[in-house]
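Secondary and tertiary structure notes
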Amino acid sequence: MNTKLIYQFLKDVGNNNNREWFHAHKDEYEAAKAEFEVFTAALITRIGTFDEEVRGMVPSQCTYRIYRDIRFSEDKTPYKTHMGAYVNAHGKKSVHCGYYLQIEPGNCMLCGGSYIWPSNILKAVRQAVMDNIEEYLAIVEDPAFKRFFPTVGEEKVKTTPIGFPKDFKYIDYLRPKDYSLYCPVPDSFFLEHTETLLDRIEEIFRQAKRFADFTNFTIDDFE
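Summary of the structure given here. What you see is a predicted model; the values in this text were computed from it and never measured.

1. Some thoughts on the pattern of salt bridges
- Applying the stated criterion across every chain yields a total of 11 salt bridges.
- A salt bridge links arginine 68 to aspartate 75; the shortest N-O distance between them is 3.8 Å.
- Accessibility expressed as a relative area gives 23% for arginine 68, which makes it partly exposed.
- Of the charged contacts in the structure, one is a salt bridge between arginine 71 and aspartate 69, with a shortest N-O distance of 2.7 Å.
- Through salt bridges with shared partners, a single network forms among Arg46, Asp199, Glu202 and Arg206.

2. Quick notes on the environment of glutamate 141
- You can see glutamate 141 is positioned in the loop between α5 (133-140) and α6 (143-146).
- A residue is classified by how much of its surface remains accessible, and glutamate 141, at 35% relative accessible area, is partly exposed.
- Glutamate 141 sits 10 residues away from threonine 151 along the chain, and the two C-alpha atoms are 9.5 Å apart.
- Contacts of glutamate 141, omitting those with residues within four sequence positions, involve Lys146 and Tyr173.
- Separated by 3.4 Å, the side chains of glutamate 141 and lysine 146 make a polar contact.

Rules used in this analysis
- Residues numbered from 1 in each chain as written.
- Predicted model: local features only at pLDDT ≥ 70, side-chain atom pairs only at ≥ 80, totals over all residues.
- Heavy atoms only, no water.
- Salt bridge = Lys/Arg side-chain N within 4 Å of Asp/Glu carboxyl O.
- Buried < 20%, exposed > 50% of the residue type's maximum accessible area, 1.4 Å probe, protein only.
- Helix = DSSP H or I, 4+ residues; strand = E, 2+ residues; numbered from the N terminus.
- Contact = heavy atoms within 4.5 Å.
- Polar contact = N/O pair within 3.5 Å; in protein donor to acceptor, adjacent residues only side chain to side chain.

Shown next as structure tokens:
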């Protein structure tokens, strides 16, 4: 897996984000894309060692086009400056929790959980957290989990979610608007010691799976 080749192309396209440059360097893009697909295939295989649901998936089910949809965006640059893979056995648009990996100069990350849920699923997961709070705490307060995912959710409501008791002792765990997990990593994570890269990714995603198992148990009732 030549992650340095991927990284260098993304750095170059970030500095030359226009169609003329891209077309002149199409071979470099194709090489980086092919290398990322090899990487994604290895990632799927590794995740499959602890999450059997993803076994048999292929990179095309997990990766995204580099071309940006600029129709409704003020940013008219035509190309993404990252390559990402979302490994989710139920599909990239599923509300089930999955595993997301992104290589982008200055913004590399590994993520888990789910980002956008319909209100009925969000309410059901909040209810599951409240009804099984000890099980949930054993996951999200475990130092092994918090080492990579210190917080759950990007945004939270400021008060008590509608329909839940204000005096619930652990009300903060019901406040997330999404139950996503975010683990930023330095660029060196993908560029140095590549012989152990999959081992380090597995360590992080194994913790994400603990969380996914909890939330997906509820989500299964909706999909």
